[in-house]
Amino acid sequence: MDVQDIRAIADGIRGEIRKAVVGQDEVIDLMLTSLLAGGHILLEGVPGTAKTLITRAFAASLALQFGRIQFTPDLMPGDVLGTNLFNFQTNSFVLTKGPIFTQLLLADEINRTPPKTQAALLQAMNERTVTIDGKDYELGDDFMVVATQNPIEQQGTYPLPEAQLDRFLFKINIDHPSRDEEREIVQRHGHRSAMPKLEDFGLAPIADSKTLAVVRDAVTQVRLSDPLVDYIVDVIRATREHASLEVGASTRAANMLASAVRAFAVLQGRNFVIPDDVKVLALPVLRHRVMMSPSAEIEGLTTDRILREVLDQTPAPR
């Protein structure tokens, strides 16, 4: 499968999502990049910015098993993973699988559940495996988590720990639509107060598990030159040395950025990476992996602004 074939598949997925979702093209492109790179996504936005609708439309455009967990304060790890229950007829324990046993998982309002339950996702997201009562269960290469969270609500929420955040390839900030997009949304969905049903839009799956396996294999063959490897490493190391950052990005961040830029290059119709790919993806890859210093917070700086300074100060290869 060549680059143009992959781009045609991506265009087909975009077209299906746009049947239900107005605008948010950048978000859709980042979700496609994560899909091809085999990563997980954290969507952050205020209520009513279509986080759940985008994810459901994204899932509907793929022939993958879809599952959803509505995270709540009383959710327990066993509610996510499943548990072994004793079967009196067979006189043995039988696994009752939890909702994590799927391919595309929507973790809705993930920051509403305590850290103990959030931690149930750590192994699954990193290894695509879960361990229940000492036995490992494979989730498959297609396992992908799309988590949503609300940045403005504080009551009844639990901030995601750094180890959890580091498992996400991207943290995508979803903003309000433009005026024209908002007007189209009202025209299209303003006759109902509930979330629209995807069945009404006739979304059809474009790619299945076998197709995605071929695509991901092709993405790994995209050329990442030595100067660009050096550039990625220099950007990551610069986050650890910036005066406004108390904690810089990890080595895992460098690996994930390298994987993401390969997938992003394919979506642009190229089989090679250019410096601009790194600059476009650096913010969504790194914004949740660095921590501002107290003085930077007092000055009113933002993580994105600091990361842009890092990119400006790090020489890019020609």
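Residue numbers run consecutively from 1 along every chain, following the written order of its sequence. For a predicted model such as this one, the threshold for reporting local features is a pLDDT of at least 70, and the threshold for listing and counting side-chain atom pairs is 80 or more; totals across whole chains, interfaces and linings nevertheless cover every residue. The side-chain values count all of the structure's non-hydrogen atoms but skip hydrogen atoms and water molecules.

Caption draft 1: Structural context of the overall build of the chain. Segments assigned H or I by DSSP are reported as helices when at least four residues long, segments assigned E as strands when at least two residues long, and all are numbered from the N terminus. The helix and strand inventory of the chain stands at 14 helices and 13 strands. For the radius of gyration, the atom set is restricted to C-alpha positions; the globular benchmark scales as 2.2 Å times the number of residues to the power 0.38. Expected size for 318 residues packed as a compact globule is a radius of gyration near 20 Å; at 20 Å, the chain falls within 12% of this value. Dimensions of the chain, computed from the C-alpha atoms along their principal axes, are close to 70 × 40 × 40 Å. Looking at the chain residue by residue over its 318 residues, the buried ones come to 51%. Of the roughly 15400 Å² of accessible surface on the chain, a fraction of 50% belongs to carbon and sulfur atoms. Counting rule applied: Lys, Arg positive; Asp, Glu negative; His and chain ends not counted. Charge coordinates come from a single atom per side chain, which is NZ of Lys, CZ of Arg, CG of Asp or CD of Glu. Charged side chains in the chain number 33 positive and 42 negative. The centres of these two groups are separated by 2 Å. The cut-offs for exposure are 20% and 50% of the maximum accessible area for each residue type, with area from a 1.4 Å probe on protein chains only; residues under the lower value are buried, those over the upper are exposed, and the others partly exposed. Here, Shrake-Rupley sampling with a 1.4 Å probe gives the accessible areas, and only protein chains in the shown set may cover a residue.

Caption draft 2: A look at the side chain of Asp304. Note that Asp304 resides in helix H14 (residues 303–313). Residue Asp304 is classed as buried on the basis of its relative accessible area of 16%. The residues touching Asp304, leaving out its near neighbours within four places in the chain, are Asn173, Leu283 and Arg287. By the convention used here, residues are in contact when the closest approach between their heavy atoms is within 4.5 Å.

Caption draft 3: Structural view of the side chain of Thr113. Here Thr113 is to be found in the loop between strand S6 (104–108) and helix H5 (115–118). Judged by its relative accessible area of 0%, Thr113 is buried. For Thr113, the side chain forms a polar contact with the main-chain oxygen of Thr72, separated by 3.1 Å. Other than its neighbours up to four places away in sequence, Thr113 contacts Phe71, Thr72, Pro73, Leu75, Gln118 and Tyr158. Two N or O atoms count as a polar contact when they lie within 3.5 Å, although within protein this holds only if one can serve as hydrogen donor and the other as acceptor, and sequence-adjacent residues are included solely when both atoms are side-chain atoms.

Caption draft 4: Structural view of the packing of aromatic side chains. Stacked, tilted and edge-to-face are the three classes assigned to paired rings of Phe, Tyr and Trp, where Trp is represented by its six-membered ring and a pair needs centres within 6.5 Å; plane angles under 30 degrees give stacked, over 60 edge-to-face, the rest tilted. Tallying each qualifying case throughout the model produces 1 aromatic pair. Each ring, one from Phe101 and one from Tyr137, has its centre 6.1 Å from the other, and the planes form 80 degrees; the classification is edge-to-face. In this pair, Phe101 sits in the loop between strand S5 (92–97) and S6 while Tyr137 sits in strand S8 (residues 135–138), placing the two residues 36 residues apart along the sequence. Tyr137 matches Phe101 in its accessibility class, with the two residues each being buried. Whether a charge sits over a ring depends on NZ of Lys or CZ of Arg being within 6 Å of the ring centre and within 35 degrees of the ring normal. A cation over an aromatic ring shows up here: Arg270 above the ring of Phe272, its NZ or CZ 5.8 Å from the ring centre.

Caption draft 5: Structural context of the sheet that holds strand S3 (residues 66–70). Strand order in the open sheet formed by 5 strands is S3-S6-S9-S1-S10, and the pairing between neighbours is parallel. Looking at the sheet topology across the chains shown, the edges are occupied by S3 and strand S10 (170–173). Taking each pair of neighbouring strands and ignoring which way they run, the sheet shows an average axis angle of 20 degrees. Relative to strand S9 (residues 144–149), S6 runs parallel, the two sharing 4 bridges. When the bridges of S9 are listed, Ala107 appears paired with Ala147. To obtain each axis, a line is fitted to C-alpha atoms, and for helices this fit is confined to the stretch in contact; angles are then taken between N-to-C directions over 0 to 180 degrees. Lying on the sheet, helix H3 (residues 51–60) is in contact with strand S1 (41–44), S3, S6 and S9; it crosses S6 at an angle near 170 degrees. Pairing between two strands requires that DSSP report at least two bridges joining them.

Caption draft 6: Spatial organisation of the packing of helix H2 (residues 25–37) against helix H11 (residues 251–267). Across the interface, H2 lies against H11 with an axial gap of 8 Å and an inter-helix angle of 115 degrees. Crossing handedness for the pair H2 and H11: right-handed. Between H2 and H11, the residues in contact are Asp29, Leu32, Thr33, Leu36 and Ala37 and Ser259, Ala260, Ala263, Phe264 and Leu267, respectively. When the residues that make up the contact of H2 with H11 are grouped by side-chain class, the tally is 7 nonpolar, 2 polar and 1 charged. Two helices cross in a left-handed way if the nearer one is turned anticlockwise from the farther one by less than a right angle. They cross in a right-handed way if the turn is clockwise. Polar here means any residue other than Ala, Val, Leu, Ile, Met, Phe, Trp, Tyr, Cys and Pro, which are nonpolar, and Asp, Glu, Lys and Arg, which are charged; Gly is therefore polar.

Caption draft 7: Expanded view of the pairing of S9. Burial analysis of S9 places 6 of its 6 residues in the buried class, which makes it a mostly covered element. Neither face of S9 is left uncovered, since the one carrying Met144, Val146 and Thr148 and the one carrying Val145, Ala147 and Gln149 both have all their residues buried. With 4 bridges joining them, S1 and S9 adopt parallel strand pairing. By the bridge assignment for S9, Leu43 is matched with Thr148.

Caption draft 8: Just the pairing of strand S7 (residues 129–132), in detail. Note: S7 against S8, 4 bridges, orientation antiparallel. Bridging from a neighbouring strand, Thr131 pairs with Asp136 of S8. Here S7 folds back onto S8, and the loop between the two strands holds 2 residues, one of which, Asp133, carries a positive phi near 55 degrees.

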